[in-house]
Every structure is written in C-alpha cells, then in structure tokens.
Amino acid sequence: MSHTRMAEIVPGWRVSRLAYARMSREERSQAFRQAFDRMTPEQQSSQVRLALARMTREQRSELYNQLFDKAQIDLHIKSIPGFANFLAAMQQDGMALQYVSDSLRNNLYIVLAAVERSPEAIQYASPLMQRHTRVVLAAVSRDGTVLRLLPWLSTHNREVVLAAVRQNGLALQYAGEAFRGDKVVVLAAVSRNGEAVQYARYTDFDIWLAAVSTSGSVLRLLSKDMIWMRSGTNADEASHERAIRELELAAVQSDWCALQYVGSKGKADRNIVLAAVRRDGRALQYASSELLADYLVVSTAVRCSGVQVVFFVSDAHRWDPRLSPWLQLSPSACAWRRVRGAISRAAIVAFWMHKTHLPHHAAMLQGMAAVTELMSPLPLGIDARVCSKCEHADTIDLQHESGEWWSGTLKDAFMSF
C-alpha cells in the first residue's frame, strides 16, 4: 500500500514518505496492523471490503479456506480430547500417522499435517483421505514419487498427475496409461527431468528437445524413428537429419558427456563438437579424427580445460607453442619433447630392425636416417645421435643445450617413450 493511501485511511499517520520507502515489507505490514487496530469498526469494515475487492478469485478462495480451516481446527480442539497434541505430533513427524486411531487417520487436518511433514505418510491415511484431492495434492507437490502409493483413482486424476510430474519428472512412470501418452503431461515431466522420456507412450520433436535440453544423456535413448517432425514440415531424409542435428546440439549444450552418444555424423559436425568442448574440453575425446586435427576445435578445448585434455590431443597440437601456456608447457619444453618423440619413433624403427636380425650397422643407419628426417624441421640447440659403440646394445644419447640428457638402449627407448 502506498504512503499516500496509508495517510488517507489511517488517522494520525505520522510516518514520512522517505521513512516509509525505507521500510521492509514486514515493517509495513506491522505498521498497517497497528494502524488498523486504531481504526473505528466502520473504517475496519471498509478496509476489509476494499482488500477483498482487490483480490483475485484464487486469492479469495485461499483466504476463505484458511479461515475455514482455522475455525474447524479450533472446533476440533474443543470437541476432540487430545486433538491439539495429535496435531503437534503430526507436524513434528508425519510418519507417526501409522500409530494413531482410525478416526484420526480419517481426519482431514491430522492427515494434512502429516503429509505436509512427510509425504509418504499418505499410505497410512484412510482410503477416503487417499482420494481426497487436497490431501493428495499436498503430498505430491512435496514428493511426486508418492504417486506410486496412491489408489487408481488418484493416479488417473489429471491435476494430481500434473502436480506430481512438475515436482519430480520421474513420477510419470506411476501415472495412468492415458497420461503417459498426454503431450502436456509428458512435456511437463521431461522439462523437470529428461530421463522421464523413457516412460512416455507418446513422443515428438518438442518432447525430445525438452528432454535433451534438461538431461543431455537421454540422447542415448533416441532412435531415428522416434522423432516426429514439427507440423508443416516434410518427413523426408533431410528433415530427419536436421532434426537429429538440432537435438544433438541441444544435448551437448546441456551436458558435454552427451557427445559420446552422438552419431558419427554429429561427431564430425564442427558446430556440435565446438559446443561440447566449450562446456568442457574433455569432450574432445569423443570427437571424430578429422576434428581432432582441427586447430579451432583443439584450441577451444585446451583453453577451456587446459592440461586435462593433454592426452586427447595429437602430438602436433600437444607441443604447439601457441597452446603451451594452457597446457602448462613452455615453448622450449615443447621443442624438447618433440625431439624426444622423434628420437623414440626412430628408436622403435631401429629396434624392430634389430629384432628381425638385419645387419647391425644397416639397422643403425636406417635409424639414424629416420632421426635426421624427423628432426629436420625442429629448432637448433638439440644434440641427438645414435651410436653403436657397444657390441650388444644399440645406444641412443639425447642431450639438450640446457644440460638435460637421456641415454639408453633402443629397447629402453621403445619402452619409455
């Protein structure tokens, strides 16, 4: 209520406009109650009529119900011995309903207090109360899965089922068969929990889009024949493919792990993979081999998750100086490790030549040629050589200009790199 209106209806109103503006909602209500108490009966009646006129139909109905409930509870307290104690017990632990008498299990206010505290207590209510709409709505609006405890009549009540699936989408599995095929009910369920789509008897594109947008992992349940196109579109092959791509994109935007359930065409789609790696770079492990060589995709994943994706990128990108800050590798370390990788590959070639009993020096010459070829584009400052001083072991010596070095046999190189 505005300051001007309060000044008009409350006699002797002394609160300034600035002080009223600084009051909280509770302080304003308290000030109005104090002012209401100072009004004459005629003014009070006028204010009540004005407040009722400004209420909506639902607000007036709720107010009447609250007043009626208060009057009924007061009447029960006066007429039923110990009613106040039972009511307090239900408000503290609703499951205590199983220990009260049958007459109290059939009492609306006792059962309401119990299910508002513990929704599963509805299973101990009388059959009449289990079918009472107000009791059932109070239970399912707090825990939708209690729909499984209700009689057939309640599970086939549209208002009850909608309230249940809006609280917990998985409650759809306990709804009546007719509602599991109702688009409005199914859409409400999958909008709350996408996994509820597996319990639906009717699905279309809109339902699947809502499901994957809520839980991307439900993409694993999708098959091509389960998608109905939007009205007004042709159900040809191209339309199906576009719909699937749109669903896959929505799924990976919701959950990057959904990329593992995307089809081969989707894993090769740059937009879908980019959307996934923007959520988490580790999605790169599910991308196609073509996109693993795409610098934009790899760099986006590396910038998003850093060193966590180091095992999913190729050697060419792993030691790329442009990505080294995110992979926590310095440019010199990148160059150094690229050389070690080249040496290891050459060592493997030479080792397997040696295992095939080729002439010793021929194997070493082949290995040296491979090292020279692999090292040709690398920066200077690396001293790598393959030597054959030892008669029984072909040795590789690798030394960086910083002084770091590695030395071992070809077999060691094969096992180490």
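Residues numbered from 1 in each chain as written. Predicted model: local features only at pLDDT ≥ 70, side-chain atom pairs only at ≥ 80, totals over all residues. Heavy atoms only, no water.

## Here's the deal with the overall build of the protein
Link 1 in the chain: Secondary structure assignment for the protein yields 25 helices and three strands.
Link 2 in the chain: Put simply, the protein has 417 residues, and 41% of those count as buried.
Link 3 in the chain: For the protein, long-range pairs separated by at least 24 residues make up 40% of all intrachain contacts whose partners lie at least 6 apart in sequence.
Link 4 in the chain: Approximately 23,300 Å² of the protein is accessible, and the part contributed by carbon and sulfur atoms is 53%. (Helix = DSSP H or I, 4+ residues; strand = E, 2+ residues; numbered from the N terminus. Buried < 20%, exposed > 50% of the residue type's maximum accessible area, 1.4 Å probe, protein only. Contact = heavy atoms within 4.5 Å. Areas by Shrake-Rupley, 256 points an atom, 1.4 Å probe, with all protein chains shown as cover.)

## Considerations on the confidence of the model for the protein
Link 1 in the chain: With 71% of its residues at a pLDDT of 70 or more, the protein has an overall mean of 76.
Link 2 in the chain: A low-confidence stretch, residues 229–233 (pLDDT under 50), is modelled with seven contacts involving residues beyond four sequence positions or located in other chains. (pLDDT = per-residue confidence, 0-100.)

## Description of the pattern of salt bridges
Link 1 in the chain: Per the counting criterion, the structure on display carries eleven salt bridges.
Link 2 in the chain: A salt bridge links glutamate 120 to arginine 148; its shortest N-O distance comes to 3.1 Å. Note that glutamate 120 is positioned in the loop between helix H8 (108–117) and helix H9 (127–130) and arginine 148 in the loop between helix H10 (133–140) and helix H11 (152–155), a separation of 28 residues in sequence.
Link 3 in the chain: By relative accessible area, glutamate 120 is classed as partly exposed at 30%.
Link 4 in the chain: Arginine 148 sits in the partly exposed class, given a relative accessible area of 38%.
Link 5 in the chain: Glutamate 195 is the salt-bridge partner of arginine 220, the closest N and O atoms lying 3.1 Å from each other. (Salt bridge = Lys/Arg side-chain N within 4 Å of Asp/Glu carboxyl O.)

## With respect to the nonpolar core
Link 1 in the chain: Membership of the largest hydrophobic core comes to 82 residues, with the highest contact counts inside it found for Val140 and Leu172.
Link 2 in the chain: Those residues in contact with valine 140 that sit more than four places away from it in its chain are Val146, Leu147, Leu150, Val160, Ala163, Ala164 and Gln167. (Core = buried A, V, L, I, M, F, W, Y, C linked by side-chain atoms within 4.5 Å.)

## Some details on the environment of threonine 214
Link 1 in the chain: Looking at where threonine 214 falls in the secondary structure, it is placed in helix H15 (residues 205–214).
Link 2 in the chain: Within the structure, threonine 214 has its side chain in polar contact with the backbone oxygen of valine 190 (distance 3.2 Å). (Polar contact = N/O pair within 3.5 Å; in protein donor to acceptor, adjacent residues only side chain to side chain.)

## Side note on the side chain of glutamate 195
Link 1 in the chain: When you line up the elements, glutamate 195 lands in the loop between helix H14 (183–192) and H15.
Link 2 in the chain: Looking at glutamate 195, its side chain comes within polar contact range of the side chain of serine 217, at 3.3 Å.
Link 3 in the chain: Leaving out residues up to four positions away in the same chain, glutamate 195 has contacts with Leu170, Ser215, Ser217, Val218 and Arg220.

## Focus on the environment of leucine 162
Link 1 in the chain: Assignment of secondary structure puts leucine 162 in helix H12 (residues 158–167).
Link 2 in the chain: Residue class for leucine 162 comes out buried when judged on its relative accessible area of 11%.
Link 3 in the chain: Along the backbone, leucine 162 and valine 184 are 22 residues apart, and their C-alpha atoms lie at a distance of 8.6 Å.
Link 4 in the chain: The residues touching leucine 162, leaving out its near neighbours within four places in the chain, are Val184, Val185 and Ala188.

## Comments concerning the environment of aspartate 143
Link 1 in the chain: Within the secondary structure, aspartate 143 is located in the loop between H10 and H11.
Link 2 in the chain: Of note is the side chain of aspartate 143, whose polar atom sits 2.7 Å from the side chain of threonine 145.

## Here's the deal with the packing of helix H6 (residues 83–92) against H8
Link 1 in the chain: Taken N-terminus to C-terminus, the directions of H6 and H8 make an angle of 20°; their axes are 7 Å apart at the nearest point. Here H6 is positioned roughly parallel relative to H8, judged by the angle of their axes. Our pair here, H6 against H8, has a crossing hand that is right-handed. Judged by residue contacts, Phe83, Phe86, Leu87, Met90, Gln91 and Gln92 of H6 engage Tyr109, Ile110, Ala113, Ala114 and Arg117 from H8.
Link 2 in the chain: Of the residues in the contact of H6 with H8, the class split is eight nonpolar, two polar and one charged. (Axes fitted to C-alpha atoms, helices over the stretch in contact; angles between N-to-C directions. Parallel < 35°, antiparallel > 145°, perpendicular 65-115°, else oblique. Left-handed = near helix turned anticlockwise from the far one by under 90°. Nonpolar A, V, L, I, M, F, W, Y, C, P; charged D, E, K, R; others polar.)

## Observations regarding the packing of H12 against H14
Link 1 in the chain: At a minimum axis separation of 7 Å, H12 and H14 run at an interaxial angle of 20°. One finds that H12 runs roughly parallel with respect to H14. Touching Arg158, Val161, Leu162, Val165, Arg166 and Gln167 of H12 are Val184, Val185, Ala188, Ala189 and Arg192, all from H14.
Link 2 in the chain: Here the contact of H12 with H14 is composed, by residue class, of seven nonpolar, one polar and three charged.

## Focus on H6
Link 1 in the chain: Residues of H6 that are buried include every one of Phe83, Leu87 and Met90, and no others. Projected down its long axis, H6 carries its buried residues within an arc of 60°, all on one side. Away from the buried face of H6 by more than 90 degrees, exposed residues Asn85 and Gln92 are located.
Link 2 in the chain: Check the buried side of H6 and you find it contacts helix H5 (57–79) and H8. (Arc of directions from axis to C-beta.)

## A short note on the packing of aromatic side chains
Link 1 in the chain: Enumeration according to the criterion identifies zero aromatic pairs in this entry.
Link 2 in the chain: Positioned over the ring face of tyrosine 295 is arginine 322, at 4.1 Å from the centre of the ring. (Phe/Tyr/Trp six-rings, centres within 6.5 Å; stacked < 30°, edge-to-face > 60°. Lys NZ or Arg CZ within 6 Å of the ring centre and 35° of its normal.)

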